[in-house]
Amino acid sequence: MGGSGPMNAPGQARTTVFTQMSALAMRHNAINLGQGFPDESGPDHIIEAAALAMRDGHNQYPPLAGIPQLRQAIADHQRRFYGLEPDTEDGIVVTAGASEATAAAMLALAGPGDEVIALEPYYDAYKACAAMAGATLVPVRLEAPAYRLDAERLRAAVGPRTRVLLINSPHNPTGTVLEETELAAIAELAVERDLIVVTDEVYEHLVFDDHRHRPLASFPGMWDRTVTISSAGKTFSVTGWKIGWASGPADLIARVKAVKQFLSFASGTPFQYAITEALNTGDDYYRDYVAGYRERRDFLVAGLADLGFTVTEPQGTYFVTTSAAPFGAKDGMEFCLDLPERCGVVAIPNQAFYADPDAPRPEVRFTFCKPLPVLQEGLDRLRRGLHRAT
Ligand SMILES: *Cc1c(COP(=O)(O)O)cnc(C)c1O
């Protein structure tokens, strides 16, 4: 990905590493611990609710902002978990996943010549979204292997052209959950420099142990300048439904809506009904959900460490970042391209999440959004393939 044009010309676009690795997974019949989509569908009653909505005739365009019931459920969710109170009429917009919310927010809030700061490594869509807006993404690195925020480094990255801080916590791919002091430093900087903050909180319910997710919008001075983005895909294991949302102050949400009306306009009517029910589910769903993933995390982390990977234990998300350096790997891309044939397992090289994806790095990301037997089989295959005498 050259740094020349704002983005690749149509037709020259590189397929993403996720597409590439998932294709390799198919070809080698490999266990796919690369792309983050669960094997299981979400809870039965939510699937039933979608089917029922279709049979009840909810199959035409929903309102641009989303059906009122879902906006109410999103507002209730924000109050229940965080004490936030977005306005159901003009403070919430339902989107085609967090992806569309992020694209619309970038197009609405950043423009040519502007800079958007993101924590590096970052979700690969961020750079593309900033580029579509004509803006430049400025990475602020979380250093391996701890991946904590260096507040001074963030401060130093803010310049006269900085418009937006695009913050993702719980953080994909590292599993970092920004803690109170880190979030407070971001908030303080945003207020001081009058910046807009866009937050990607799609893993808000996947936070382990004593760690806590706290939205930046809940910090002093932040509500009026923050667009909070989330999605049902990860929380309810329905990534193919693409129901996401953005919430915040009326003026910022109005700008997001103004762009979104010419992207998808609106989508997923029956799924919006089903996600209304999903969000209104009792606390035990969320508790069981995180408990299940905690077990999978502990299992995969222990297994990978036992194989010889250096592991950064994730505090949130369903990803674990490891280093393949103990296997002599300097280039994670090379390692991951080789892995399906060598072991029958697919993983994602973390360098795909860096501003220069061609610069070799030894880190490799595995997902644990798979049932324990699948994770076990993946570990068995890695053991056989990596430890084979050469
Ligand atoms: C999966 C993911 C998304 C995409 O969410 P959708 O609702 O599927 O569009 C956005 N951000 C991060 C960090 C993700 O991991």
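Per an unreviewed UniProt entry, the recorded name for the chain is Pyridoxal phosphate-dependent aminotransferase, and the organism is Glycomyces buryatensis. Word for word, the UniProt comment on the chain under Sequence similarities (unreviewed entry) is "Belongs to the class-I pyridoxal-phosphate-dependent aminotransferase family."

Engineer: Could you give me a rundown of the overall build of the chain, with the residues and numbers involved?
Structural biologist: For the chain, the count of helices and strands is 13 helices and 13 strands. The C-alpha atoms of the chain give 20 Å as radius of gyration, which agrees with the globular expectation for 390 residues (21 Å, within 12%). Along the longest, intermediate and shortest principal axes, the C-alpha atoms of the chain span 65 × 50 × 45 Å. Counting only residues that meet the buried cut, the chain has 55% of its 390 residues in that class. Partitioning the contacts of the chain with sequence separation of at least 6, the portion at a separation of at least 24 is 76%. For the chain, the accessible area works out to roughly 16100 Å², and carbon and sulfur atoms hold 52% of it. The centroid of the 35 positive side-chain charges in the chain is displaced by 4 Å from the centroid of its 48 negative side-chain charges.

Engineer: So, the pattern of salt bridges: which residues are in play, and what are the values?
Structural biologist: Within this structure, the stated rule accounts for 23 salt bridges. Among the ionic pairs, Lys370 bridges to Asp39, the shortest N-O distance being 2.9 Å. Of this pair, Lys370 sits in the loop between β13 (363-367) and α13 (372-386) while Asp39 sits in the loop between β1 (31-32) and α2 (44-55), and the two are 331 residues apart along the sequence. On the basis of relative accessibility, which here comes to 44%, the residue Asp39 falls in the partly exposed class. One salt bridge in this structure joins Glu85 and Arg79, with 3.3 Å as the shortest N-O distance. Overall, the relative accessible area of 40% leaves Arg79 in the partly exposed class. Each of Asp209, Arg294, Arg297, Asp298 and Glu313 takes part in salt bridges that share partners, so that together they form one network.

Engineer: Describe the sheet that holds strand β10 (residues 319-323), with residues and values.
Structural biologist: One open sheet accounts for four strands, arranged β9-β10-β13-β12; its pairing is antiparallel. Sheet topology places β9 (310-312) and β12 (348-349) at the edges, where each strand pairs with a single neighbour. Packed onto the sheet, helix α11 (residues 283-307) meets β9, β10 and β13 and runs at close to 10 degrees relative to β10.

Engineer: Go over the side chain of Asp200, please, and point to the residues and values.
Structural biologist: Along the chain, the position of Asp200 falls in strand β6 (residues 196-200). Lys234 provides the closest opposite charge to the buried, salt-bridge-free Asp200, at an N-O distance of 7.0 Å. Among the polar contacts listed, one links the side chain of Asp200 to the side chain of Tyr126, at a separation of 2.7 Å. Not counting residues up to four positions away in its chain, the partners in contact with Asp200 are Tyr126, Ile167, Asn168, Ser169 and Ile229.

Engineer: Requested: an account of the site of the ligand, with residues and values cited.
Structural biologist: Around the ligand sit Gly97, Ala98, Ser99, Tyr123, Asn168, Asn172, Asp200, Val202, Tyr203, Ser231, Lys234 and Lys242, and that is every residue in its neighbourhood. A distance of 2.5 Å is found between an oxygen atom of the ligand and a side-chain nitrogen or oxygen belonging to Ser99. Calculation on the ligand without its partners gives an accessible area of 390 Å², and the protein chains cover 93% of this total. Among the residues forming the shell around the ligand, the class breakdown is four nonpolar, five polar and three charged.

Engineer: Could you give an account of a nonpolar patch on the surface, with specific residues and numbers?
Structural biologist: A cluster of nonpolar side chains, contributed by Leu107, Met132 and Leu263, occupies part of the molecular surface with about 250 Å² of accessible area. By secondary structure assignment, the location of Leu263 is in the loop between α9 (250-260) and α10 (269-279).

Engineer: Lay out the domain arrangement of the chain with the relevant residues and their values.
Structural biologist: Domain boundaries assigned for the chain yield domain 1 (7-42 + 284-385) and domain 2 (60-281). Taken over C-alpha atoms, the centre of domain 1 sits 24 Å from the centre of domain 2. In this complex, domain 1 contributes 34 residues to the contact, which on the side of domain 2 involves 41 residues. Both sides together, the interface formed by domain 1 and domain 2 hides about 3200 Å², and carbon and sulfur atoms give 58% of it. At the junction of domain 1 with domain 2, the criterion picks out two salt bridges.

Engineer: Which residues make up the sheet that holds strand β4 (residues 136-141), and what values go with them?
Structural biologist: Spatially, β2-β8-β7-β6-β5-β3-β4 is the arrangement adopted by the seven strands of the open sheet, whose pairing is mixed. The sheet is open, and its two borders are formed by β2 (92-96) and β4, each paired with just one other strand. Neighbour-to-neighbour, the strand axes of this sheet turn through a mean angle of 25 degrees, independent of strand direction. Inspection of the sheet shows strand β3 (residues 115-120) paired to β4 by six bridges, in the parallel sense. Note that in β4 the partner of Ile117 across the bridge is Val138. On the sheet, helix α3 (residues 68-82) packs against β2, β7 (226-231) and β8 (243-247) and is oriented at approximately 110 degrees with respect to β2.

About the cut-offs
- Residues numbered from 1 in each chain as written.
- Predicted model: local features only at pLDDT ≥ 70, side-chain atom pairs only at ≥ 80, totals over all residues.
- Heavy atoms only, no water.
- UniProt positions renumbered as here; feature names shortened; annotations may be inferred.
- Helix = DSSP H or I, 4+ residues; strand = E, 2+ residues; numbered from the N terminus.
- Rg over C-alpha atoms; globule rule 2.2 N^0.38 Å.
- Buried < 20%, exposed > 50% of the residue type's maximum accessible area, 1.4 Å probe, protein only.
- Contact = heavy atoms within 4.5 Å.
- Areas by Shrake-Rupley, 256 points an atom, 1.4 Å probe, with all protein chains shown as cover.
- Lys, Arg positive; Asp, Glu negative; His and termini not counted.
- Charge placed at Lys NZ, Arg CZ, Asp CG, Glu CD.
- Salt bridge = Lys/Arg side-chain N within 4 Å of Asp/Glu carboxyl O.
- Pairing = 2+ DSSP bridges.
- Axes fitted to C-alpha atoms, helices over the stretch in contact; angles between N-to-C directions.
- Polar contact = N/O pair within 3.5 Å; in protein donor to acceptor, adjacent residues only side chain to side chain.
- Near = heavy atom within 4 Å.
- Nonpolar A, V, L, I, M, F, W, Y, C, P; charged D, E, K, R; others polar.
- Patch = residues over 30% accessible without salt bridge, like charges linked within 9 Å, V, L, I, M, F, W, Y side chains within 5 Å.
- Domains from an automatic or database assignment.
- Buried area = accessible area lost by both parts, 1.4 Å probe.

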